[in-house]
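Summary of structural features
Okay, here's what each chain looks like letter by letter:
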Amino acid sequence: MRIVALAGGIGGARFLRGLREAIGPEDEITVIGNTGDDIHLFGLKVCPDLDTVMYTLGGGIHEEQGWGRTDETWSIKAEMKEYGVGPEWFGLGDRDFATHLVRSQMLTAGYTLSQVTEALCVRWRPGVRLLPMSDDRVETHVRITDGQGTRAIHFQEYWVRLHAAVDAEAIVPVGAETSKPAPGVLEAIAAADVVLFPPSNPVVSIGTILAVPGIRAAVAAASAPVVGLSPIIGGAPVRGMADKVLAAVGVEATAEAVALNYGSDLLDGWLVDTADEGSVAAVEAGGIACRAVPLLMTDVAATADMARAALALAEQVRA
């Protein structure tokens, strides 16, 4: 079985770890990773979502945080502060710096982001094929109004520095309209037996991937069933502040609303948590097969059960 998953950071990475446990040794997973969160810091190219997937599946993630490296130290960050060089709000540990140094060195030498990601994965052996959504530069920006007036800031500043405390007025994937899917992305979707939308942020993770010209159309045209898992349980995000960015695109923070926003042109199936069983009928009325199952990723075993439920629903809608 060839499985393609569109994934953001922590939620996507943890789901993929369960998915990897749920499939057989002959099955293959291709991950199309969000690069809209990418940012240039200290002269380095930082790819938070790609790295979170790579570290999580490779056994190097800081489990409690869900991002960054385990057993991290912070000497470089402390030295940068002594020089008065910021931003201080974005934490890059010493071990994490090494990844960004290697990536930036290779990009400067002329390698594409796809080639760099493949090279980094040689070390981490994540057990999946990890593809960036695009080799082109795409950055998600957020329009806000605060004491400095109305302005656009990088999504990382909105999420990490401001903690989404200011209302998001618009979400703009800058550069997406002129970007191209990375090599292998469209081919993987076309050849897939199943396409999955993990419980990643539907606006700034999966939504940004779908904003790359050609990817949404490829998913919509895929012969494989497309099944998503709700990142919203009981009217609230499981993790993070997805409700803030959903509001910016006019979508209510409910499992039902997220499914219907994707639409039946993309989704064949949708899983909601048992707490949202009451939304199943409304989702199905929108033309999307829906089931209620436990969706809390409390451990790898529970997450593997979620993945099995998604694959089972895919088989049901295929029939």
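That block above? That's the structure.
Predicted model, so just to flag it, every value in this text is computed and none were measured.

Notes on the environment of P48
Here P48 lies in helix α2 (residues 48-58). With 154 residues separating them in the primary sequence, P48 and P202 have C-alpha atoms 17 Å apart. In this structure, P48 is in contact with D37, D38, F90 and Q156, ignoring residues within four places of it in sequence.

Digging into the sheet that holds strand β8 (residues 170-174)
Strand order across the open sheet formed by three strands is β7-β6-β8, with antiparallel pairing between neighbours. A strand with exactly one partner marks an edge of an open sheet, and here the two such strands are β7 (149-154) and β8. Taking each pair of neighbouring strands and ignoring which way they run, the sheet shows an average axis angle of 30°. With five bridges joining them, strand β6 (residues 139-146) and β8 adopt antiparallel strand pairing. By the bridge assignment, R143 is partnered in β8 with A170.

Observations regarding the pattern of salt bridges
On inspection of all chains with the given rule, the structure shows 13 salt bridges. For E157, the salt bridge is made with R161, and the minimal N-O distance between the two is 2.8 Å. Taken as a pair, E157 and R161 lie in helix α6 (residues 155-161) at a separation of four residues, close to a single helical turn. For E157, a relative accessible area of 19% translates into the label buried. R318 is the partner of E315 in a salt bridge, and the nearest nitrogen-oxygen pair spans 2.8 Å. Here E315 pairs with R318, and both are found in helix α13 (residues 300-318), just three residues apart, close to one helical turn.

Here's the deal with helix α4 (residues 94-108)
With 15 residues, α4 ought to run about 21 Å at 1.5 Å a step, and its terminal C-alpha atoms sit 21 Å apart, in line with that. Among the residues of α4, D94, D96, F97, T99, H100, R103, S104 and M106 are the ones counted as buried. Of the surrounding secondary structure, the elements contacted by the buried residues of α4 are β4 (44-46), α2, α3 (75-82) and α5 (113-124). Following α4 by one or two positions, G110 adopts a phi angle in the positive range, close to 110°.

So, how was this worked out
Residues numbered from 1 in each chain as written. Predicted model: local features only at pLDDT ≥ 70, side-chain atom pairs only at ≥ 80, totals over all residues. Heavy atoms only, no water. Helix = DSSP H or I, 4+ residues; strand = E, 2+ residues; numbered from the N terminus. Contact = heavy atoms within 4.5 Å. Pairing = 2+ DSSP bridges. Axes fitted to C-alpha atoms, helices over the stretch in contact; angles between N-to-C directions. Salt bridge = Lys/Arg side-chain N within 4 Å of Asp/Glu carboxyl O. Buried < 20%, exposed > 50% of the residue type's maximum accessible area, 1.4 Å probe, protein only. Expected span 1.5 Å × (residues − 1).

Read these as spatial facts, not as claims about activity.
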